[in-house]
Each structure stands twice: as C-alpha cells, then as structure tokens.
Amino acid sequence: MDGVVTYLFTSDRLGFRNWKSNDIDKLFKINSDREVMEFFPSLPTKAETILFIERMKDQFQEKGFCYFAVDKLANNEFIGFIGISEQTYKADFTPCVDIGWRIDRKEWNKGFATEGAKKCLDYALNNLKISKIYAVAPKINVKSEHIMEKIGLKKQYEFEHPLLIDNNLLKTCVLYRNE
Ligand SMILES: CC(C)(COP(=O)(O)OP(=O)(O)OC[C@H]1O[C@@H](n2cnc3c(N)ncnc32)[C@H](O)[C@@H]1OP(=O)(O)O)[C@@H](O)C(=O)NCCC(=O)NCCS
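Computed from a prediction, not measured in an experiment: that's the story for all the values here.

What counts as what
- Residues numbered from 1 in each chain as written.
- Predicted model: local features only at pLDDT ≥ 70, side-chain atom pairs only at ≥ 80, totals over all residues.
- Heavy atoms only, no water.
- UniProt positions renumbered as here; feature names shortened; annotations may be inferred.
- Helix = DSSP H or I, 4+ residues; strand = E, 2+ residues; numbered from the N terminus.
- Buried < 20%, exposed > 50% of the residue type's maximum accessible area, 1.4 Å probe, protein only.
- Pairing = 2+ DSSP bridges.
- Near = heavy atom within 4 Å.
- Polar contact = N/O pair within 3.5 Å; in protein donor to acceptor, adjacent residues only side chain to side chain.
- Areas by Shrake-Rupley, 256 points an atom, 1.4 Å probe, with all protein chains shown as cover.
- Nonpolar A, V, L, I, M, F, W, Y, C, P; charged D, E, K, R; others polar.

### A word on the UniProt feature "domain: N-acetyltransferase" (unreviewed entry) in the protein
Sites flagged by UniProt as "domain: N-acetyltransferase" (unreviewed entry) map to residues 14-176. Across residues 14-176 one finds 31% helix and 28% strand; the C-alpha atoms that close the span lie 24 Å apart.

Right, here's the structure in full:
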C-alpha cells in the first residue's frame, strides 16, 4: 500500500502510472521468476532492471508514454507493467510503437493483462493519437498472442527477430497490428 497514488489513467481494476524508485525491487522479483521469463533469452539482472526502469522514465518524460507501471486499484499494489514503447531494432516495420506486458505470476488468469492492454491500446489510439500500434511475441508464447487477439489486433506476418536470431526457440516471432 503506497498511500495516495495519482494515476495517468485507470481501467476498472487497474491504475497506470510512471515508474518510481520503489518499483525496482518489485519488478526485479517478477523478472527473477523463471516462469514469467520463460519466453525471454535470459533473466534480467538487478542492474538491467534498473536500466529498464530508467529507460521507461526517460521515454515517458520525452514522449508521454512508456510501458507503464501497473497497480491494482483495490490496494494500490504494483503487479507489473502494461503499456506502449518505441522500438528501433532493425525490421521492416520499425521504428514503431508496440504494446507489451509482464504481470506477476500470482496475478495471472484474472483478466488483468486483457483489461490493461485494452485500456492502453485505447489510450494510445484516442488520447495519444498514435495511429499504428504493433505487438510482437515469440511464436511459442501463445498466451501473449492470445492477448493480442483478444484486444482486437490482427496478425500481419511472422518474422525472424534480429535481437533473438541466435535463439532457435525464440527467434520466430508473430507481428500483430491494430489495422
Ligand atoms: C501473458 C501474460 C501477460 C498474461 O497475463 P494474464 O493477466 O494472466 O492474462 P489474462 O488473465 O488477461 O488472460 C489469461 C487468461 O485468464 C482468464 N481469465 C480469468 N479471468 C478473466 C477475466 N475476468 N477476464 C478475462 N480473462 C480472464 C482467461 O480465460 C484468459 O485465458 P485465455 O487466454 O484462454 O482467454 C502473463 O502470462 C505474463 O506476464 N507472461 C510473462 C510475460 C510475457 O510473456 N510477456 C509478453 C512478452 S512477448
């Protein structure tokens, strides 16, 4: 419980906000869970977790969006991130803005990712006026692909992700987009 928290926007059960320093340990705990990170090449270190949060804060300052820190409104407890972020790795569809998510395993299967991603997509299209939102996941991450479908994104094609090219399990990714 963090006292009075101001959110940028909310959905029925979730609040979306910029990052703060006491999120570091909580995100690091999520990042250290092998099941949460099953479809990533490695577990982020504490230093990488800090760097990620710094990058998100910088992007928020500069662009007004990032992968937002997400709290449950019921108790203002941090449960992970859902949001949008610029991607500049080399691919046919980049530079672009993508939507992404990572939720604490104890909060899975409650509909939080679907609810939060729907809200972030709406915020990106209607408040930030970004016309194209992409989503990317390794093809084997079917749960994540299912969230993309449930929020109304449409599959474009599969591609070899340049940052995962050395990882045979993860390199083939699906690309989704809003229109
Ligand atoms: C992928 C991930 C974000 C899904 O989070 P989640 O909050 O469990 O997702 P949801 O609860 O919205 O959806 C999962 C299931 O919950 C169920 N569910 C339970 N209550 C629900 C509700 N009230 N509303 C909607 N779905 C609900 C649904 O049946 C859904 O199953 P379905 O996919 O077969 O429809 C989560 O597993 C995660 O963080 N994974 C690791 C990180 C990751 O892979 N990120 C993507 C990298 S590309």
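### Re the pairing of strand β6 (residues 134-138)
For β6, the buried fraction is high: four of the five residues fall into the buried class. By the bridge criterion, five bridges tie β6 to strand β8 (residues 172-177) in an arrangement that is antiparallel. The residue of β8 that forms the bridge with Tyr-134 is Arg-177.

### Let's talk about the site of the ligand
In the neighbourhood of the ligand, 20 residues make up the surrounding shell, with Ile-103, Asn-109, Gly-111, Thr-114 and His-146 lying closest. For the ligand, an oxygen atom lies 2.8 Å from a polar atom in the side chain of Lys-150. Starting from 940 Å² of accessible surface for the ligand in isolation, the protein chains cover 72%. For the shell around the ligand, the secondary-structure elements that each account for two or more residues are β5 (96-103), α3 (112-127), β6 and α4 (142-150). If you tally residues by element for the shell around the ligand, the top one is α4, at five residues. Each residue belonging to the shell around the ligand can be placed in one class, and the counts come to ten nonpolar, six polar and four charged.

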